[in-house]
Amino acid sequence: MKYSIGKRTLILILAVLALAEADAQRSGRRRNPSAPAGNQQEQQQNNNTRPPSGYDPYGGIPIVVDSSDENNTEAKKSLRNDNAFDKSNLTTRTPLPYEHLRWDDALFAEKVWRELDLREKLNQTFRYGGTDDNGSRMFIDILLRAVNSGEVTAFADDRFTTPMSTADVAQLTVGAADTVPQYDVNDINKIVRYVVTKASFDSKSVLKLRIKEEWVFDREASRYFCRILGIAPIQTKYLPNGQEFGSSPMFWVYYPDLRPLLAKNEVYNPKNMGQNRMTWEELFESRMFSSYITKSTLDNSADRTIRQYIKDPILALLEGDNIKEKIFNFEQDLWSY
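In what follows, the accompanying structure is described. (Residues numbered from 1 in each chain as written. Predicted model: local features only at pLDDT ≥ 70, side-chain atom pairs only at ≥ 80, totals over all residues. Heavy atoms only, no water.)

1. Here's the deal with the overall build of the chain
Put simply, the test is: Labels follow the DSSP assignment, with helices taken as runs of H or I lasting at least four residues and strands as runs of E lasting at least two, numbered in each case from the N terminus. Buried means the residue's accessible area, taken with a 1.4 Å probe over protein chains only, is under 20% of the maximum for its type, while exposed means over 50%, and partly exposed covers the values in between. Contact criterion: two residues are considered in contact whenever any of their non-hydrogen atoms come within 4.5 Å of each other. Only the protein chains shown count as cover for residues, with accessible areas throughout obtained via the Shrake-Rupley method and a probe of 1.4 Å.
Scanning the chain from N- to C-terminus turns up eight helices and 13 strands. Counting over 337 residues, the chain shows a buried share of 30%. For the chain, the proportion of contacts with a sequence separation of at least 24, taken over those separated by at least 6, is 63%. Approximately 22,900 Å² of the chain is accessible, and the part contributed by carbon and sulfur atoms is 51%.

2. So, the pairing of strand β10 (residues 223-238)
The condition that has to hold: Between any two strands, pairing holds if DSSP finds at least two bridges.
Here β10 lies mainly inside the structure; twelve of its 16 residues are buried. Sheet analysis places strand β9 (residues 208-218) next to β10, joined by eleven bridges and oriented antiparallel. Within β10, the position partnered with I211 by the bridge is I231. In this antiparallel pair of consecutive strands, β9 and β10, the connection spans four residues, and S222 shows a positive phi of 55°.

3. Let's talk about unusual backbone geometry
A negative phi angle characterises most non-glycine residues, just as the trans form characterises most peptide bonds. One non-glycine residue, F160, lies in positive phi territory at about 60°. Structurally, F160 can be placed in the loop between β5 (154-155) and β6 (163-164). Take F160: its relative accessible area is 18%, and that puts it in the buried class. In this structure, S222 is a non-glycine residue whose phi angle is positive, near 55°. Overall, the relative accessible area of 33% leaves S222 in the partly exposed class.

4. Some remarks on the pattern of salt bridges
This is how it is decided: A carboxyl oxygen of Asp or Glu within 4 Å of a side-chain nitrogen of Lys or Arg is what we treat as a salt bridge.
Per the counting criterion, the structure on display carries 14 salt bridges. With its nearest N and O atoms 3.3 Å apart, the salt bridge here joins R102 to D104. With a closest N to O distance of 3.0 Å, E213 and R287 form a salt bridge. With E213 in strand β9 and R287 in the loop between α6 (280-286) and β13 (292-296), this residue pair connects regions lying 74 residues apart in the sequence. Residues joined in a network through salt bridges with shared partners are R102, D104, D105 and R219.

5. Observations regarding the nonpolar core
Note the following rule: For the purposes of this section, nonpolar cores are sets of buried Ala, Val, Leu, Ile, Met, Phe, Trp, Tyr and Cys residues that join through side-chain atoms within 4.5 Å.
If you look at the biggest cluster of nonpolar residues, it comprises 34 residues, and the most contacted ones within it are F126, F139, F251, W280 and F284. Taken together, the elements giving at least two residues each to this core come down to α3 (139-148), β9, β10, α5 (255-262) and α6. Among the elements that line this core, the one with the most residues is α3, at seven residues. Membership of the second largest hydrophobic core comes to 13 residues, among which are V112, I293, L298 and A316.

6. Regarding the packing of α3 against α5
Relative orientation and spacing of two packed helices are given, respectively, by the angle between their axes and the distance between those axes. Heads up, the rule is: All axes are obtained by fitting lines to C-alpha atoms, using only the stretch in contact for helices, and the reported angles, taken between N-to-C directions, cover 0 to 180 degrees. We call two directions roughly parallel when the angle between them is under 35 degrees, roughly antiparallel when it is over 145, roughly perpendicular when it lies between 65 and 115, and oblique otherwise. Throughout this entry, Asp, Glu, Lys and Arg are counted as charged residues, while Ala, Val, Leu, Ile, Met, Phe, Trp, Tyr, Cys and Pro are counted as nonpolar. The remaining residues, Gly among them, count as polar.
Across the interface, α3 lies against α5 with an axial gap of 11 Å and an inter-helix angle of 110°. In this view, α3 runs roughly perpendicular relative to α5, as classed from their interaxial angle. Contact with α3, carried on its side by F139, I142, L143 and A146, involves L258, L261 and L262 of α5 and no other residues of that element. Here the residues of the contact of α3 with α5 are counted per class, giving seven nonpolar, no polar and no charged.

Shown next, in the form of structure tokens:
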């Protein structure tokens, strides 16, 4: 009996000693509380690589910003009458107000997204590079002038929920800056100055426009009304080998806000002498452009574009024509002969 009690006591003592030794090992691994202060100071000294105040990495060599290649859409007015007739009434033109459509009379309403390929023959007027008192007559330049001057607001989405500042739009139309040293003509090892250049934005690089519109059949007037809601220039992206990678809208402009400005800008039209003085507002309202449908709300519960469920480009164009035919047949089916 005494032997068993002594044995248990010895085992208990050995267990207590083992626990004490384990605690000592754990405490030995812990850092000394007073040690990190010196280590932190040494680490701060090692990481303090900031240059001293007044440091000039270019060694006092002047830096010049070259802005000659930047896109300049500022309008230069003629100091003399550049026409054989009086065009002063053009600056006071205002677009005709839209006819009011009641919600109860909208028997049919579907939104449609279209794309205008400016390389098509019918859309060549969008890329006309002439100038007048309003500046460049190219359509993308008209949009940029309107946005940069604050006449219209640019939006980041086609629902016009997120306004974009002029600085955000400038980032899309100004290339990256590049600093190039300029050497002395007498000493090729001596740098005279550094020239900062920016890649210019070519307005003709915008090859497509996207239009959001709504087709409404008004049962009171018994006719279709097509109202353009927004316009967006499409920026095409390319791979290093020159292959087209994709495209995305640069910004959206609410079309009713843009109408007063379009009514004061003429369209180049050499085909018809009587319509040579047509304005951009008249061109859009007359629908004198070529386009194809890329998306609609007709039978599209998933809110997808045509290319998202039809990969073949030819079949996608045929699907766009099918949507256009369905909208057209809705009006025709209402009549009986």
